[in-house]
Amino acid sequence: MAYTRKEVPAEETERQIDICVRLRARFEGCAALVDTYGCQQNESDSEIIRGFLAEMGCTFTSDEYAADIIVINTCAVREHAEQRILGNVGALNHTKKARPGQIICLCGCMVQQRGMAERIKKSYPIVDLVFGPHELRRFPELLRQRLEGGRRVFAVAESDGEVTEGVPRVRDRGVKAWLSVMYGCNNFCTYCIVPYVRGRERSRRPEDVVAEARSLVEAGYKDITLLGQNVNSYGRDLGGGTDFADLLAAVNAIPGKFTLRFMTSHPRDATEKLFRTMSECEKCEKHIHLPVQSGSNRVLRAMNRGYTREQYLEKIAVARSYMPDIVLTTDIIVGFPGETREEFEETLSLAEQVRYDAMFTFIYSRRAGTAAAKLPDIRSREEKQADFDRLLERANAISLEKHLAYVGRTVEALVDGENGGREYPLTARTNGGRLVHLKGSPEIIGSYVNIKITDAATWALFGELEARQ
Ligand code: SAH
Ligand code: SF4
Ligand code: F3S
């Protein structure tokens, strides 16, 4: 797909920051609430929204009645997400009534869909500002336009997208940090809205990614996740010869003890070089999230996934040849239009064959504008639900079996936070990304510890400290 990678000039970003400084007269000391739906890319974008708001002098709150400005960062991947968001926006009628002058902004993937801005304009008069993912970098300017122009602002122009460096960011303090390495998606899986709302694939320069990773390590972050819709396409648009495996190795070479994770890998583009590099990089987690979506070749073709069941299984075999204990997770869609009972059975058998450590399962959701939306959908919702329940039951049983195999073993894990539990107040992640509920006190958050696993459930392990390192 031919296009020119567009990078926003540094002066333009400085201009936005300058607008923030001028908006301090209005926002200094104001309370802001940023509510995020969807994937880690949205979490990462919300850090930029908070970054701009902090430059304007805002503090942050989670109470919508106390907020002077509310920004809802939305997702469109399934209908359910959309319904929840619109329901929550409707509920803001009350907060705006209780707090006149409250500014309500909607941004992210949902508003970028065709027709959505019009719908919000008509049906949600409380919304002041709507902007899509491509306009995020102009949030300060758009907010000023709303304040000074007196009219509601809708900025959702279509775009292939750009790369912006140097934007301010407020990250959650703690152990974990997101690091976007690329944006957009060119894959056009036929069920998926993401390529329509996020634009074409564009990579950040490797030196920018490495510099940001270094600053995160220096700031004390211990768990860094490299993000992209398909990280395995990283660098194709840069023409400089750096692919994702090279980038992984470059970040791995940063001094210090930390864990390097990444998502998401498209199976079609997962290469032997990637698996070899993962096995060689001591900081890289031995886990890969490799969404298969279906076990049926006919359905995979109809989804435009670009691999067969056999090719997928071969990739898993290669990954396991380099990392015999690699943790494998996946996404699966049940009830793609035209999927038959027999084709669903093939997905179930693939799940049995691979034995994933965790599976994220979804019932197909029709997204207007995608190719699959035009396909006839013959099976009833009840039939799909029954298949879904069967898959979930097997997936959970396999996860539990795999987790039970940890009991009695000692694993190294990074203590990354608290969960409020009484018996197991801490959370930790193993190198393979498994969640451990841990006994202990908060001083050890941010350290690597050896944990004796004492119990296991479907989604988590339980344990106690064996010895501090
Ligand atoms: N880029 C990532 C995934 C982004 S969306 C990847 O390709 O892996 C995350 C997951 O949501 C997908 O893997 C898919 O399983 C699911 N998904 C996407 N569109 C969907 C739809 N229309 N209906 C149901 N599930 C969907
Ligand atoms: Fe969607 Fe496919 Fe792109 Fe993932 S790779 S974001 S599923 S189009
Ligand atoms: Fe949702 Fe957009 Fe992510 S549609 S899953 S927030 S890229």
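None of the values given here were measured: they were computed from a predicted structure.

What counts, and where the lines are drawn
- Residues numbered from 1 in each chain as written.
- Chains lettered and ligands numbered in written order.
- Predicted model: local features only at pLDDT ≥ 70, side-chain atom pairs only at ≥ 80, totals over all residues.
- Heavy atoms only, no water.
- Helix = DSSP H or I, 4+ residues; strand = E, 2+ residues; numbered from the N terminus.
- Buried < 20%, exposed > 50% of the residue type's maximum accessible area, 1.4 Å probe, protein only.
- Contact = heavy atoms within 4.5 Å.
- Areas by Shrake-Rupley, 256 points an atom, 1.4 Å probe, with all protein chains shown as cover.
- Lys, Arg positive; Asp, Glu negative; His and termini not counted.
- Charge placed at Lys NZ, Arg CZ, Asp CG, Glu CD.
- Phe/Tyr/Trp six-rings, centres within 6.5 Å; stacked < 30°, edge-to-face > 60°.
- Pairing = 2+ DSSP bridges.
- Axes fitted to C-alpha atoms, helices over the stretch in contact; angles between N-to-C directions.
- Core = buried A, V, L, I, M, F, W, Y, C linked by side-chain atoms within 4.5 Å.
- Polar contact = N/O pair within 3.5 Å; in protein donor to acceptor, adjacent residues only side chain to side chain.
- Near = heavy atom within 4 Å.
- Nonpolar A, V, L, I, M, F, W, Y, C, P; charged D, E, K, R; others polar.
- Salt bridge = Lys/Arg side-chain N within 4 Å of Asp/Glu carboxyl O.
- 1 Å grid on protein atoms, 1.4 Å probe; cavity = no way out; pocket = protein on both sides within 12 Å on 5 of 7 lines; lining within 4 Å.
- Points joined across faces, edges and corners; volume = space filled by probe spheres on them.

Next up on the list: the overall build of the protein chain. When helices and strands are tallied, the protein chain shows 14 helices and 19 strands. Sorting the 469 residues of the protein chain into buried and exposed places 55% on the buried side. Restricting to contacts in the protein chain with at least 6 residues of sequence separation, those with at least 24 account for 74%. Carbon and sulfur atoms form 49% of the exposed surface of the protein chain, whose accessible area is close to 20,000 Å². Across the protein chain, the centroid of the 65 positively charged side chains sits 3 Å from that of the 66 negatively charged ones.

In this section: the packing of aromatic side chains. This model, assessed by the stated rule, comprises nine aromatic pairs. Summarising the aromatic geometry, the rings of Tyr307 and Tyr312 are spaced 5.9 Å apart at their centres and angled 35° between planes, so their arrangement reads as tilted. Accessibility assignment for this pair places Tyr307 and Tyr312 in one class, buried. The interplanar angle of 45° and the centroid separation of 5.6 Å between the aromatic rings of Phe360 and Trp459 together place this pair among those described as tilted.

Next up on the list: the sheet that holds strand 12 (residues 287-289). The parallel open sheet is built from three strands, whose spatial order is 12-13-14. At either end of the open sheet lies a strand with only one pairing partner, and these are strand 12 and strand 14 (358-363). On average, each strand axis in the sheet is tilted by 10° relative to the strand beside it, whichever way the strands run. By the bridge criterion, six bridges tie strand 13 (residues 327-334) to strand 14 in an arrangement that is parallel. Along strand 14, the bridge assignment pairs Ile332 with Thr361.

Turning next to the nonpolar core. Grouped together as the largest cluster of nonpolar side chains are 57 residues, with contacts concentrated most on Leu226, Phe244, Leu248, Phe262, Met278, Ile288 and Tyr312. Excluding its chain neighbours within four sequence positions, the residues that come into contact with Ile288 are Phe262, Ser265, Leu274, Phe275, Met278, Ile326, Val327, Leu328 and Thr329. In terms of nonpolar packing, the next biggest core, distinct from the first, is built from 27 residues, Ile48, Cys58, Cys107 and Phe131 among them.

What follows concerns the sheet that holds strand 10 (residues 223-227). Overall, parallel pairing links the three strands, which are arranged 7-10-11 in an open sheet. Every other strand in the sheet has two partners, leaving strand 7 (176-180) and strand 11 (259-263) as the edge strands with one partner each. The average undirected angle you get between the axes of adjacent strands in this sheet is 25°. Relative to strand 11, strand 10 is paired through five bridges, and the arrangement is parallel. For Asp223, the partnering residue across the bridge sits in strand 11 and is Thr259. Strand contacts of helix 2 (residues 40-55): strand 7, strand 10 and strand 11, with the helix running at about 95° to strand 7, the strand carrying the most contacts.

Quick look at the environment of Glu82 now. The residue Glu82 is located in helix 3 (residues 79-98) in this model. Apart from the residues within four sequence positions on either side, Glu82 is in contact with Cys75, Ala76, Met110, Gln113, Met116, Arg119 and Arg367. A distance of 3.0 Å separates polar atoms of two side chains, one belonging to Glu82 and the other to Gln113.

Time to look at the site of ligand 3. Close to ligand 3 lie Gly38, Cys39, Asn42, Cys75, Ala76, Val77, Cys109, Arg198 and Gln229. Taken together, the residues that form the shell around ligand 3 break down as five nonpolar, three polar and one charged.

Ligand 1 sits among 15 residues. The nearest are Arg78, Gln229, Gln293, Asp331 and Ser365. Ser365 has a polar backbone atom sitting 2.8 Å from a nitrogen atom of ligand 1. When the free accessible area of ligand 1 is taken as 540 Å², the share hidden by the protein chains comes to 89%. Going through the elements one at a time, strand 13 and strand 14 are the ones with two or more residues in the shell around ligand 1. Among the residues making up the shell around ligand 1, the classes are represented as seven nonpolar, four polar and four charged.

In this fold, Arg261 is placed in strand 11. Separated by 2.9 Å, the side chains of Arg261 and Glu285 make a polar contact.

Right, let's get into the pattern of salt bridges. This structure, assessed with the given rule, holds 44 salt bridges. With a closest N to O distance of 3.5 Å, Asp357 and Lys402 form a salt bridge. Of this pair, Asp357 sits in the loop between helix 13 (341-354) and strand 14 while Lys402 sits in helix 14 (residues 381-404); the two residues are 45 residues apart in sequence, bridging distant segments of the chain. Overall, the relative accessible area of 5% leaves Asp357 in the buried class. Overlapping salt bridges, with partners in common, bring together Lys6, Glu12, Arg15, Glu135, Arg137, Arg138, Glu141 and Glu162 in one network.

The subject of this paragraph is empty space enclosed by the protein. Empty space among the atoms can be located by rolling a probe the size of a water molecule over them. In the structure shown here, the tally under the stated rule is one cavity of 30 Å³ or more. The space that makes up the largest cavity amounts to roughly 40 Å³. Within the lining of the largest cavity, the residues separate by chemical class into four nonpolar, three polar and one charged.

What follows concerns the side chain of Arg200. Structurally, Arg200 is set in the loop between helix 7 (194-198) and strand 9 (202-203). Here Arg200 occupies a buried position and makes no salt bridge, while the nearest side chain of opposite charge, Asp160, is found at 4.3 Å. At 3.1 Å, the side chain of Arg200 and the side chain of Asn186 are in polar contact. Here the side chain of Arg200 touches Pro195 through a polar contact of 2.9 Å, landing on its backbone oxygen.

Quick look at unusual backbone geometry now. Looking along the chain, the bond that leaves Met263 and enters Thr264 is cis, with omega of 5°. As for its placement among the helices and strands, Thr264 is situated in the loop between strand 11 and helix 10 (272-280). Unusually for a residue other than glycine, Gln293 sits at a positive phi of about 70°. Counting through the fold element by element, Gln293 comes out in the loop between strand 12 and helix 11 (297-302). The exposure class of Gln293 is buried, given its relative accessible area of 7%. Non-glycine residue Asn304 carries a positive phi angle of around 60°.

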